[in-house]
Amino acid sequence: MISAIKIIFLLGFLVFIHELGHFVVAKLCKVKIKEFSIGFGPSIYTKKGSYTIYSLRLIPLGGYVNMLGEEEDVDDEGSFKRAKIWKRIIIVAAGGLVNIIFAIFVYFLLVYGTLKGLHSQGILQLSISAVGEFVSQIFNSLKLIFTGGVSIDQFVGPVGISEIIVSSTGISDYIYLFSAISLSLGITNLLPFPPLDGGRIILLLIEKIRKKPLSDSVEGKIQLLGFSLLILLSICVTYNDIIRLL
């Protein structure tokens, strides 16, 4: 039971702040939100605001912010597609950026607290240096994926991440996982690959260059191809996670 709570709280919280980033920036840009949802699957809690529906769903492994005009053409000033491209880009990027900022902040506090307990000199400078090293290590790990430094057998998916969370011992380990997973999630989400947020940003930049969006048909095919490849990768990674546990 404790293990399940540790997994659900960590992953659920990181999803929450990610989606909250999209939500808050969209609100600041005057884009209307139809639904703010944490989780997928059947709804277990729903609250209707003045315009937005807030929902908590059964499977806490994702979430979404459904904006007006995001998937349909709507003649409304609060439509996502009516917003200026730079506003749409920062709305899309906000989720990943929140995860990255949160990760850096949490890791800094963890290191600062540890060094302060040891009465080290130059705590602030050492903490900042440690954060830089931490971010560099995560970037280098992700870089290995694209340079052939690691094989698909070494990838870790939700099952593997859950096992790592369960095996964590002590509050410091758990907090470290919060920052490491949040940073990885933020950076990965901003990679220029559809249907990730980074891929959506690329499509918006193409729209800016062309001075008109891609046709719904072309964009739909790009998103479908990217989504299919992502699902295929997820299946392979999950299979390897399960094999490692057996």
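Residues numbered from 1 in each chain as written. Predicted model: local features only at pLDDT ≥ 70, side-chain atom pairs only at ≥ 80, totals over all residues. Heavy atoms only, no water.

We now examine the overall build of the chain. Assigned secondary structure in the chain consists of seven helices and two strands. Counted from the first residue to the last, the chain has its helices and strands arranged as α-β-β-α-α-α-α-α-α. Taking all 246 residues of the chain together, the buried fraction comes to 38%. When contacts within the chain are restricted to residue pairs at least 6 apart in sequence, those whose partners lie at least 24 apart make up 61%. (Helix = DSSP H or I, 4+ residues; strand = E, 2+ residues; numbered from the N terminus. Buried < 20%, exposed > 50% of the residue type's maximum accessible area, 1.4 Å probe, protein only. Contact = heavy atoms within 4.5 Å.)

Moving on to the nonpolar core. One recurring pattern in soluble globular proteins: nonpolar side chains tend to sit buried together. Core analysis: the biggest nonpolar cluster contains 21 residues, and Ala-26, Val-31, Ile-33, Val-65, Met-67, Phe-80 and Ile-91 have the highest contact counts within it. Contributing elements (two or more residues each) for this core: α1 (2-28), β1 (33-48), β2 (53-67), α2 (85-117) and α6 (197-210). Here this core takes six residues from α2, the largest share from any one element. With near-sequence residues (within four places) excluded, Ile-33 lies in contact with Phe-23, Ala-26, Lys-27, Tyr-51, Thr-52, Val-65, Asn-66 and Met-67. Counting residues in each nonpolar core, the second largest holds 14 residues, with Tyr-107, Val-135, Ile-138 and Leu-183 among its members. (Core = buried A, V, L, I, M, F, W, Y, C linked by side-chain atoms within 4.5 Å.)

Let us look at the packing of α1 against α2. Geometry of a packed helix pair, given as the angle between the helix axes and the separation of the axes. One can describe the packing of α1 onto α2 by two numbers: an axis separation of 7 Å at closest approach and a directional angle of 140°. Overall, the two elements α1 and α2 adopt an arrangement that is oblique. Relative to α2, the crossing made by α1 is right-handed. Here Phe-13, Leu-14, Ile-17, His-18, Gly-21, His-22, Val-25 and Ala-26 of α1 lie close against α2, whose contacting residues are Ile-90, Ile-91, Val-92, Ala-94, Gly-95, Gly-96, Val-98, Asn-99 and Phe-102. (Axes fitted to C-alpha atoms, helices over the stretch in contact; angles between N-to-C directions. Parallel < 35°, antiparallel > 145°, perpendicular 65-115°, else oblique. Left-handed = near helix turned anticlockwise from the far one by under 90°.)

Let us now look at the environment of Gly-132. On the secondary structure map, Gly-132 appears in helix α3 (residues 123-147). Judged by relative accessible area, Gly-132 falls into the partly exposed class, the value being 38%. Linking Gly-132 and Ile-104, residues 28 residues apart in sequence, is a C-alpha distance of 8.8 Å.

Remark: α1 packs on helix α5 (residues 170-189), axes separated minimally by 11 Å, with the N-to-C direction vectors making an angle of 40°. One way to sum up the angle between α1 and α5 is to call them oblique. For α1 against α5, the interelement crossing comes out right-handed. Residue-level contacts link Lys-6, Phe-9, Leu-10, Phe-13, Leu-14, Ile-17 and His-18 of α1 to Tyr-174, Leu-177, Phe-178, Ile-181, Ser-182, Leu-185 and Asn-189 of α5. Here the contact of α1 with α5 is composed, by residue class, of ten nonpolar, three polar and one charged. (Nonpolar A, V, L, I, M, F, W, Y, C, P; charged D, E, K, R; others polar.)

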